[in-house]
Amino acid sequence: MLGQLSLWAKIANEASCGSPRWIGRGLSCVCIKRKGAYERICMNLTPVQEERLQRLKHRMKVYFDPSRRDHQDALKALWRATYPDQELEGLISEQWKDMGWQGRDPSTDFRGAGFISLENLLFFAKTFSASFQRLLKKQCGNRATWEYPFAVAGVNITFMIMQMLDLQSTKPRTFVRAIFIQMLSEDEWAFDLLYCVAFVVMDKQWLDKNASYMDFNEVLKSTRTQLERELMLDDVMRIEDMPSYSLLC
């Protein structure tokens, strides 16, 4: 499996009337420049934000358990969404390698990000099936001889977003986290949508850099930097407002 990544890139192009290091030091709100004017981002969560954030945190703590029926069913659902015309021989099968898992048993690849990484892949496959299939089959651009494994890359993308948003910390430490929580109050599926955007951004970065397998970590770093930059843009109030959202189809 590609190495578990812990990326601490600085947020690019911050325009603020408060430094990120102030967050969590007694201030309930900070100001950032968006839409051409300063907008207040409050750290005190609304009931909706608190509820949805806690639900997302719970999802992030669930380990993949191959003995659980609902986890088995989710794996089967991913297979059906990915290969609707091909019958799955079993939860342990050589077939899984075609999707980009390391071996015959995909459950061994979920250690880094847990069950939510499977949920993310399934959401991507069902919500943006054309983009999902395009990336799975490596249909665009001049591809490297040694390509990134699709499914394992997806698990690493989930882990990267979890680190970027820093949602498990007690107090918010970045504007990106605060902005995302506001987006979460508008759309409970904001994390899953951001995952889909991240995947297509990563693949585009991969092609732009003429990358091969050994470059994956660097590509993931540059993907995180781009996501952070887009989330901080003046007019981005929802995941759908991110420029790279247009890459999805």
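In what follows, the accompanying structure is described. Source: prediction; values computed, not measured. (Residues numbered from 1 in each chain as written. Predicted model: local features only at pLDDT ≥ 70, side-chain atom pairs only at ≥ 80, totals over all residues. Heavy atoms only, no water.)

With that settled, consider the overall build of the protein. Assigned secondary structure in the protein consists of eight helices and two strands. The order of α-helices and β-strands along the protein, N terminus first, is β-β-α-α-α-α-α-α-α-α. The 249 residues of the protein split such that 52% are buried. Here the contacts in the protein between residues at least 6 apart in sequence split such that 68% fall between residues at least 24 apart. Only carbon and sulfur atoms are counted for the fraction: they give 49% of the accessible area of the protein, which is about 11,900 Å². (Helix = DSSP H or I, 4+ residues; strand = E, 2+ residues; numbered from the N terminus. Buried < 20%, exposed > 50% of the residue type's maximum accessible area, 1.4 Å probe, protein only. Contact = heavy atoms within 4.5 Å. Areas by Shrake-Rupley, 256 points an atom, 1.4 Å probe, with all protein chains shown as cover.)

The nonpolar side chains of soluble globular proteins are, as a tendency, buried together. Among the nonpolar cores identified, the biggest contains 74 residues, and Trp101, Phe124 and Phe199 are the most heavily contacted of them. If we ignore the near neighbours within four places in the chain, the residues touching Phe199 are Leu121, Phe124, Leu135, Tyr148, Phe150, Ala153, Gly154 and Ile157. (Core = buried A, V, L, I, M, F, W, Y, C linked by side-chain atoms within 4.5 Å.)

This structure, assessed with the given rule, holds 12 salt bridges. With a shortest N-O distance of 2.1 Å, Arg55 and Glu188 are connected by a salt bridge. Taken together, the positions of Arg55 in helix α1 (residues 47–61) and Glu188 in the loop between α6 (175–186) and α7 (190–208) put the pair 133 residues apart, joining distant regions of the chain. Given the relative accessible area of 29%, Glu188 is considered partly exposed. Among the ionic pairs, Glu119 bridges to Arg59, the shortest N-O distance being 3.1 Å. (Salt bridge = Lys/Arg side-chain N within 4 Å of Asp/Glu carboxyl O.)

This part covers a positive patch on the surface. Judged by side-chain charge, Arg69, Lys76, Arg80 and Lys126 come together as a positively charged surface patch. For the positive patch, the element with the highest residue contribution is helix α2 (residues 69–82), accounting for three residues. Mapped onto the secondary structure, Arg69 falls in helix α2. For Arg69, a relative accessible area of 59% gives the class exposed. (Patch = residues over 30% accessible without salt bridge, like charges linked within 9 Å, V, L, I, M, F, W, Y side chains within 5 Å. Lys, Arg positive; Asp, Glu negative; His and termini not counted. Charge placed at Lys NZ, Arg CZ, Asp CG, Glu CD.)

It is worth spelling out the packing of α7 against helix α8 (residues 216–231) at this point. In contact at an axis separation of 9 Å, α7 and α8 are set at 125° when each is read in the N-to-C sense. The angle between α7 and α8 places the two elements in the oblique class. The interaxial crossing formed by α7 with α8 has right-handed handedness. Residues Leu194, Val197, Ala198, Val201, Met202, Gln205 and Trp206 of α7 form the contact with α8, whose participating residues are Phe216, Val219, Leu220, Ser222, Thr223, Gln226 and Leu227. Its residues placed into classes, the contact of α7 with α8 shows 10 nonpolar, four polar and no charged. (Axes fitted to C-alpha atoms, helices over the stretch in contact; angles between N-to-C directions. Parallel < 35°, antiparallel > 145°, perpendicular 65-115°, else oblique. Left-handed = near helix turned anticlockwise from the far one by under 90°. Nonpolar A, V, L, I, M, F, W, Y, C, P; charged D, E, K, R; others polar.)

It is worth spelling out unusual backbone geometry at this point. Outside of glycine, negative phi angles account for most residues, and trans bonds account for most peptide bonds. Phi angles above zero are rare outside glycine, and Asp166 is one such case at about 55°. Within the secondary structure, Asp166 is located in the loop between α5 (150–165) and α6.

Under the 1.5 Å per step criterion, the end-to-end length of α2 is 20 Å for 14 residues, consistent within 8% with the ideal 20 Å. His71, Gln72, Ala74, Leu75, Ala77, Leu78, Trp79 and Thr82 are the residues of α2 that are buried. Buried residues along α2 sit in contact with α3 (115–127) and α4 (129–136). (Expected span 1.5 Å × (residues − 1).)

On to the side chain of Ser93. Examined against the element boundaries, Ser93 turns out to sit in the loop between α2 and α3. Ignoring sequence-local partners within four residues, the contact set of Ser93 consists of Gly103 and Arg104.

Counted by the stated rule, this structure contains 17 aromatic pairs. Ring plane angle 85° and centroid distance 5.4 Å describe the contact between Phe124 and Phe132, whose orientation is recorded as edge-to-face. In this structure, Phe124 and Phe132 share a single accessibility class: buried. Judged by centre distance (6.1 Å) and plane angle (85°), the rings of Phe128 and Tyr245 are edge-to-face. (Phe/Tyr/Trp six-rings, centres within 6.5 Å; stacked < 30°, edge-to-face > 60°.)

Counting through the fold element by element, Thr127 comes out in helix α3. When its relative accessible area of 40% is taken as the criterion, Thr127 is described as partly exposed. For the pair Thr127 and Cys249, spaced 122 residues apart in sequence, the C-alpha to C-alpha distance is 9.1 Å. Within polar-contact distance, the side chain of Thr127 engages the backbone oxygen of Phe123 at 2.8 Å. (Polar contact = N/O pair within 3.5 Å; in protein donor to acceptor, adjacent residues only side chain to side chain.)

A few words now on the packing of α2 against α4. Two quantities define a packed helix pair, namely the angle between the helix axes and the distance between the axes. One way to put it is that α2 packs onto α4 with a least axis distance of 11 Å and a crossing angle of 85°. Accordingly, the angle class assigned to the pair α2 and α4 is roughly perpendicular. On the side of α2, the interface is formed by Leu78, Ala81 and Thr82, while α4 contributes Phe132, Gln133 and Leu136. Residue classes in the contact of α2 with α4 are distributed as four nonpolar, two polar and no charged.

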